[in-house]
Amino acid sequence: MAQDEKEKRPLHFIEQKIEADIAAGKHGGAVLTRFPPEPNGYLHIGHAKAICVSFGLAAKYGGKTNLRFDDTNPEKESTEYVDAIRKDIAWLQFEWNGGEYYTSDYFEQLYDFACKLILRGNAYVDDQSSEDMAAQKGAPGQPGQNSPFRDRSPEENLRLFEEMKSGDCEEGSRVLRAKIDMGHDNMLMRDPIIYRIKFVEHHRTGRDWVIYPMYDFAHGQSDSIEHITHSLCSLEFENHRPLYNWFIQTLGIYPTEQTEFARLNLNYTIMSKRKLLRLVEEGAVDGWDDPRMPTISGLRRRGYTPESIRVFADRVGVAKRNNVIDVSLLEWSLRDDLNRRAPRVMAVLNPIKLVVLNYPEGESEWLETVNNPEDESAGTREVPFGRELWMEADDFKIEVNKKWFRLAPGRVVRLKSAYIVEYVDHLTDEAGNVTEVHVNYIQNSRSGQDVSGVKAKGTLHWVSRSHAIDAEVRLYDRLFNESDPEASGDFMDALNEDSLQIKSKCKLEPSLANAQTGTVYQFTRLGYFTIDSKYSVPSGLVFNRAVTLKDGWKG
RNA sequence: UCCCCGAUGGUGUAAUGGUAACACACCGGUUUUUGGUGCCGUUAUUCCAGGUUCGAGUCCUGGUCGGGGAACCA
């Protein structure tokens, strides 16, 4: 069935291109894609889409995918990020079956490419300052000027480039530039810098190199070296494509091809590694994996499933138009997945005492309840019931109108999987807050064997007071108050001060003592929750709310 | 000022010259021992102007609007 749906679905523009390429026998019909993260930050939901596209397309067409770390700027990169990225991709259940590579693996080859360019008169060493070069670059609509070093001989350039490589030149004193056209309409074609000197230790090559290739000189050639057939990237690289092609053609190497598509944007969030880093560094969140972060690690800790993220990536589509996806689609993807799979349990987050006056003191009984009404195979379990229970403070109100289904003076409600109870009275503290509600239960209304004939409009969740276990529950709201956090200036000003609410004395049904990290539960009537992998310990359980249940009640 | 890309309901995505559809959101109804889920329904869409054509969201021309484009970042 899901298969049929896939068959029928129209092809997006990249699928159409791939199918045309295969039909034309291009690359012998092979499909090899790559995902090329720079290890300078954690992956976020936007990367998740890119991952789903590149890995998904290869899988769909019987091809493979390489994971390649684009590590040409040692100042910002580290193995911490490499490890986190590998973990996140694996968690999304994608396999880099084409292999794991690093652009730094190709430093030697890239250096040879550069020498080749020099020898052919297609590159030169420039001794100018970056200010001077910027001044000569011209502007959109106005051509630039040639560098005074542009016409050095290949021999001199090669000698100078070797000096750069051997560490004889100071940082910033020289660069290698491609010799293209200082009058080109595309600014990137105006003799772009392709190598710069950096006396910085690289996380993989150590101090072997003091010259490092720039992105444009590394990316396309790396694709070419690996024989990538379809190099997919985001729209921001459209302007780079002519350069990408220029290097490949000039060097006469494997003709890989770049295709751009629109990156994912989500409202009420920011999607830039640099800005997410700022949230981390300024302490606005509890690390890259804070459950409010749009990072893959944050979503994982929050309770998102890999399946829900993959479905989401599928739903947002692939096109060239800039987009802003509504976060509700992400939330829907999670609910849709979890509704079918999550075991139901009962938990009370804002507990008040509920006493069943006509239930025998000191007694209790275990009542059978289903684990998942959407999945019979999930089976049943027993929950303890007794005279003293915890109920949700929000489920009782003194003054109500006809739309109120829950407990109130004169009202009757069903306790989920247990009995129908009727209001008797309640206690309040000096401030007027309700502290305790008293009811009588209807004996022959027991769940599944109800012959009472009494009809209750509302159903409440509850937990037996003597069996309950305590836990901390963390409720999350959107990190930003603004749909576009950057619309009115600094996104830090748009932070939602109430994005984290910690409930410390929540009451859970006893089965949750064995809650497994990684399992997401539905707390009946409340939402989906999972053990916090960072702070939860057996003696002090901590749960995160992944997402609320959809609330159709407009009270 | 120049180059590149884009423009379809509130948000996304389809329709590949032939009845503008699907999802999310919204609103309403229904079922329900979760005010969840399910089911049914309502609202609402081709940027503008010309042209080609029997027929244009789709092709052509011009415009408008939006995004991207100057780093020894990727």
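Described below are features of the structure shown in this document. If you're wondering where the values come from, they're calculated on a predicted model, not measured in any experiment.

Here is what the cut-offs are and how they apply
Residues numbered from 1 in each chain as written. Chains lettered and ligands numbered in written order. Predicted model: local features only at pLDDT ≥ 70, side-chain atom pairs only at ≥ 80, totals over all residues. Heavy atoms only, no water. Pairing = 2+ DSSP bridges. Helix = DSSP H or I, 4+ residues; strand = E, 2+ residues; numbered from the N terminus. Axes fitted to C-alpha atoms, helices over the stretch in contact; angles between N-to-C directions. Buried < 20%, exposed > 50% of the residue type's maximum accessible area, 1.4 Å probe, protein only. Arc of directions from axis to C-beta. Contact = heavy atoms within 4.5 Å. Near = heavy atom within 4 Å. Polar contact = N/O pair within 3.5 Å; in protein donor to acceptor, adjacent residues only side chain to side chain. Nonpolar A, V, L, I, M, F, W, Y, C, P; charged D, E, K, R; others polar. Phe/Tyr/Trp six-rings, centres within 6.5 Å; stacked < 30°, edge-to-face > 60°. Lys NZ or Arg CZ within 6 Å of the ring centre and 35° of its normal. Salt bridge = Lys/Arg side-chain N within 4 Å of Asp/Glu carboxyl O.

## Side note on the sheet that holds strand β17 (residues 420-428)
At step 1: One open sheet accounts for seven strands, arranged β19-β16-β17-β18-β12-β15-β20; its pairing is mixed. The outermost strands of the open sheet, each flanked by one partner alone, are β19 (458-460) and β20 (462-464). Within the sheet, the average angular offset between the axes of one strand and its neighbour, ignoring direction, is 40 degrees.
At step 2: As judged from the three bridges shared by strand β16 (residues 412-415) and β19, these two strands associate in the parallel manner. If you follow R414 over to β19, its bridge partner there is T459.

## What about helix α2 (residues 13-23)?
Within an α-helix, residues lying three or four positions from one another point in the same direction, as the helix has 3.6 residues per turn.
At step 1: Within α2, the full set of buried residues consists of I14, E15, I18 and D21. Projected down its long axis, α2 carries its buried residues within an arc of 125 degrees, all on one side.
At step 2: If you follow the buried residues of α2, they end up packed against α3 (45-60), β8 (230-234) and β9 (257-261).
At step 3: One or two residues past the end of α2 sits G25, with phi positive at roughly 75 degrees.

## Section: the protein's contact with RNA strand B
At step 1: Looking at RNA strand B, there are 68 residues lining it, with Q16, G172, R321, S447 and Q522 nearest.
At step 2: Each atom of RNA strand B within 4 Å of the protein was classed as base or backbone; sugar and phosphate made up 60%.
At step 3: For RNA strand B, a sugar or linking oxygen lies 3.4 Å from a polar atom in the side chain of E38.
At step 4: Here N239 contributes a side-chain N or O atom positioned 2.9 Å from a sugar or linking oxygen of RNA strand B.
At step 5: Taken together, the elements giving at least two residues each to the surface near RNA strand B come down to α6 (130-136), β6 (193-197), α12 (306-316) and α13 (327-341).
At step 6: For the surface near RNA strand B, the element with the highest residue contribution is α13, accounting for four residues.
At step 7: The residue inventory of the surface near RNA strand B, partitioned by class, reads 24 nonpolar, 22 polar and 22 charged.

## Description of the packing of aromatic side chains
At step 1: Across all of its chains, the model carries 24 aromatic pairs by this definition.
At step 2: The interplanar angle of 15 degrees and the centroid separation of 5.9 Å between the aromatic rings of F396 and Y423 together place this pair among those described as stacked. Of this pair, F396 sits in the loop between β15 (388-392) and β16 while Y423 sits in strand β17; the two residues are 27 residues apart in sequence, bridging distant segments of the chain.
At step 3: Owing to a relative accessible area of 18%, Y423 belongs among the buried residues under this scheme.
At step 4: Its guanidinium or amino end placed over the ring of Y111, K165 lies 4.4 Å from that ring's centre, counting from NZ or CZ.
At step 5: Here the guanidinium or amino end of R300 rests over the ring plane of W91, the centre of that ring lying 5.3 Å away.

## Some thoughts on the pairing of strand β14 (residues 380-386)
At step 1: Here β14 lies mainly inside the structure; five of its seven residues are buried.
At step 2: Pairing of strand β13 (residues 364-370) with β14, which is carried by seven bridges, proceeds in the antiparallel orientation. What sits directly across from W366, in β14, is P384.

## Regarding the sheet that holds strand β2 (residues 64-69)
At step 1: Taken in spatial order, the three strands line up as β1-β2-β3 in an open sheet, and their pairing is parallel. The strands lining the two open edges of the sheet, one partner per strand, are β1 (32-35) and β3 (99-102). Put simply, the sheet's adjacent strands are angled 30 degrees from each other on average, direction ignored.
At step 2: Packed on one face of the sheet, α3 meets β1 and β2 and runs near 165 degrees to β1.

## Quick word on the pattern of salt bridges
At step 1: Enumeration according to the criterion identifies 45 salt bridges in this entry.
At step 2: A salt bridge links E163 to R159, with the nearest nitrogen and oxygen atoms 3.2 Å apart. Of this pair, E163 and R159 both sit in helix α7 (residues 154-166), separated by four residues, roughly a single helical turn.
At step 3: E163 sits in the partly exposed class, given a relative accessible area of 24%.
At step 4: Classification of R159 by relative accessible area gives partly exposed; the value is 45%.
At step 5: We note a salt bridge from D336 to R340, for which the minimum N-O separation is 2.8 Å. Here D336 pairs with R340, and both are found in helix α13, just four residues apart, close to one helical turn.
At step 6: Residue R340 is classed as partly exposed on the basis of its relative accessible area of 47%.

It is worth stressing that arrangement in space is one thing and function is another; only the former is reported here.
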